[in-house]
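Summary of structural features
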Amino acid sequence: MYKKFLQLTKNLTVSLEKGVNFLTTHEHNPLYFHGALPLYTFWFLIFSGIMLWMYYIPTLERAWSSVNYITSLPVFLKDAAGHLVLDKNGAPIVDAVNSATGIPYGAVVRGIHRWGAAAMMITTLLHMFRVYFTDRHRSWRWLPWISGVFLLLFVLFVGITGYLLVWDARAYRMVVETQDWLRAMPLIGNWSAEFLVGGTGINDYTLTRFFFFHIGGATLLFVLVWVHFIRLHDPVVTPSRATNFLTLGFILVAAGALPAINITEQLIQQFPSLASDRAYIGSDSPAQIGVLVETMRYDAWYLFPYYLINKAGVGGAWAILGASTLLLMVAPFYPKDRRDNLAAVIEAKCTGCTFCSLDCPFEAITMQERAPGSKFKLIAVVQEARCSECGVCVGACPFQAIELPNTHSKTIEAEVLDLLKTGA
Ligand code: HEM
Ligand code: SF4
Ligand code: SF4
């Protein structure tokens, strides 16, 4: 039943990809670069992150204002009563003298960071569903899958800590809720809640710690990507040029149209539809004031755990997040594979030429010495645990001395040709 489901999802995915081929051609189909795209978007985050790092000040007092400085928010003229002074068209007048000089294009760089992060999560999920739906997550692929689950969790962690760095009212509320969530853990609950902020309460080290989590987590992503690739032969890590430009275009358009700025009172006056964000208003860092805001805007890609905490309570959030992670972790082991098609060497035919061993993408074939007096010096030996039943060795052997017991070499040839055609 489950296998049939996977067969169906595989057929549907391949049909979808073939459909997209009509629009983009096979060479530039973004769906064929599902693994390369999260990596590509990650580069955007690194470069825009380094630029933001130049101006970001990780202290309680300066974090919020340094982020505002980066985004060059205009300051509007106010009268003595504190009301905005409007021009004859009703638009607020910019206070040219006191306007923050800011960083040129700072809001765009911040937007690239914010939208690049969304793009990374979206492409990571797309990649995960692609490998799952095409049944490329089981058997020997358990390592890329399990390391992938960790990658997903780390991408989430880095995104969440990024939102904390802004140190606005939302960040403050996130800290309070994360601490509640952590405290619900037995034994290490209190300790981890304190570890999060670097002390018994929010203190001078809190922002430095968030910054450490954010940069440290992003660095660890590289290590995880390395683990992810250990058992992949020649992974596709660069999207086609057209796909690169398409992704770049999406991020730049989003960053230009919706730059990541902090909502201020002036902007709310300008755009009344933002009134629901009134909670973020503050003359100094709202988080500094320590008022727990009533409403919280959730970023769908990174802040859904807080939505869960608010809707299902701390225990419910633990249950939902824990169960989803567990389901992902066991996915490669179900249903149990019948490993009945491992490469087998026909001893009498093997000349010890080493071709199969050199060509095997998974280093599953070692060459061993034959007994003294044998016609040939070496023999190929398959390490069963590493064999992925791919059939490459069958094609590599000039002497038909290695085969997959349940697949005829002609079938393997046809399958490989088919895969090459669809790009799957
Ligand atoms: C930062 C996030 C990630 C990056 C940069 C990444 C990158 C890649 C790349 C480049 C490949 C090779 C794709 C190819 O050659 O066609 C790959 C394969 C794979 N990834 Fe990921 N990945 C990420 C997250 C994940 C996640 C979240 C999962 C699943 C939970 C996952 C599971 C896999 C599996 C099972 C394969 C092997 C697929 C195959 O052999 O066709 N990855 N990944
Ligand atoms: S089928 Fe052959 S080439 Fe493929 S993994 Fe097994 S031993 Fe290596
Ligand atoms: S390619 Fe064939 S003959 Fe050569 S070592 Fe491998 S199994 Fe033996």
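Heads up: these notes are all about the structure in this document.

Rules used throughout
Residues numbered from 1 in each chain as written. Chains lettered and ligands numbered in written order. Predicted model: local features only at pLDDT ≥ 70, side-chain atom pairs only at ≥ 80, totals over all residues. Helix = DSSP H or I, 4+ residues; strand = E, 2+ residues; numbered from the N terminus. Contact = placed C-beta atoms within 7 Å. Near = placed C-beta within 6 Å. Nonpolar A, V, L, I, M, F, W, Y, C, P; charged D, E, K, R; others polar. Expected span 1.5 Å × (residues − 1). Buried ≥ 20, exposed ≤ 12 C-beta atoms within 10 Å, placed from the backbone. Axes fitted to C-alpha atoms, helices over the stretch in contact; angles between N-to-C directions. Parallel < 35°, antiparallel > 145°, perpendicular 65-115°, else oblique. Left-handed = near helix turned anticlockwise from the far one by under 90°.

**Looking at the overall build of the chain**
Helix and strand content of the chain: 15 helices and four strands. Once local pairs closer than 6 in sequence are excluded, the contacts in the chain between residues at least 24 apart make up 70%.

**Focus on the site of ligand 3**
Lining the immediate surroundings of ligand 3 are 14 residues, of which Cys-350, Cys-353, Cys-356, Cys-397 and Ala-401 lie closest. Classifying every residue of the shell around ligand 3 gives 11 nonpolar, three polar and no charged.

**Looking at the site of ligand 1**
Close to ligand 1 lie 25 residues; Gly-35, Pro-144, Gly-148, Pro-235 and Val-236 are nearest. Elements with a contribution of two residues or more to the shell around ligand 1: helix 2 (36–53), helix 4 (106–133), helix 5 (142–165) and helix 8 (206–229). When residues in the shell around ligand 1 are grouped by element, the largest group, seven residues, is from helix 5. Class assignment of the residues belonging to the shell around ligand 1 gives a composition of 17 nonpolar, six polar and two charged.

**Section: the environment of Glu-177**
By the secondary structure assignment, Glu-177 is in helix 6 (residues 169–183). In sequence terms Glu-177 and Ile-309 are 132 residues apart; their C-alpha atoms lie 7.6 Å from each other. Contacts of Glu-177, omitting those with residues within four sequence positions, involve Tyr-306 and Ile-309.

**Some thoughts on helix 4**
Helix length check: helix 4, at 28 residues, gives a terminal C-alpha distance of 40 Å against a target of 40 Å (1.5 Å per residue), a fit within 8%. The element helix 4 is extensively covered by neighbouring structure, given that 20 of its 28 residues are classed as buried. At the C-terminal side of helix 4, Asp-135 shows a positive phi close to 60°.

**With respect to the environment of Leu-52**
Of note, Leu-52 is situated in helix 2. Taking the number of C-beta atoms within 10 Å as the measure of exposure, Leu-52 has 19 and is therefore partly exposed. Here the alpha-carbon distance between Leu-52 and Ile-103, two residues 51 residues apart in the chain, equals 9.9 Å. The contact partners of Leu-52, leaving out residues within four places of it in the chain, are Ile-70, Val-109, Arg-110 and His-113.

**Some details on unusual backbone geometry**
A positive phi angle, near 60°, is found at Asp-135, a position not held by glycine. With phi around 65°, Leu-187 is a residue other than glycine that occupies positive phi space. In this structure, Leu-187 sits in the loop between helix 6 and helix 7 (189–197).

**Some points on the packing of helix 4 against helix 9 (residues 241–257)**
As a packed pair, helix 4 and helix 9 sit with axes 8 Å apart at the nearest point and diverge in direction by 125°. Accordingly, the angle class assigned to the pair helix 4 and helix 9 is oblique. Taken as a pair, helix 4 and helix 9 cross one another with a handedness that is right-handed. Listed contacts from helix 9 to Val-108, Gly-111, Ile-112, Trp-115, Gly-116 and Ala-119 of helix 4 are Thr-247, Phe-250, Ile-251, Ala-254, Ala-255 and Gly-256. Considered class by class, the residues forming the contact of helix 4 with helix 9 number eight nonpolar, four polar and no charged.

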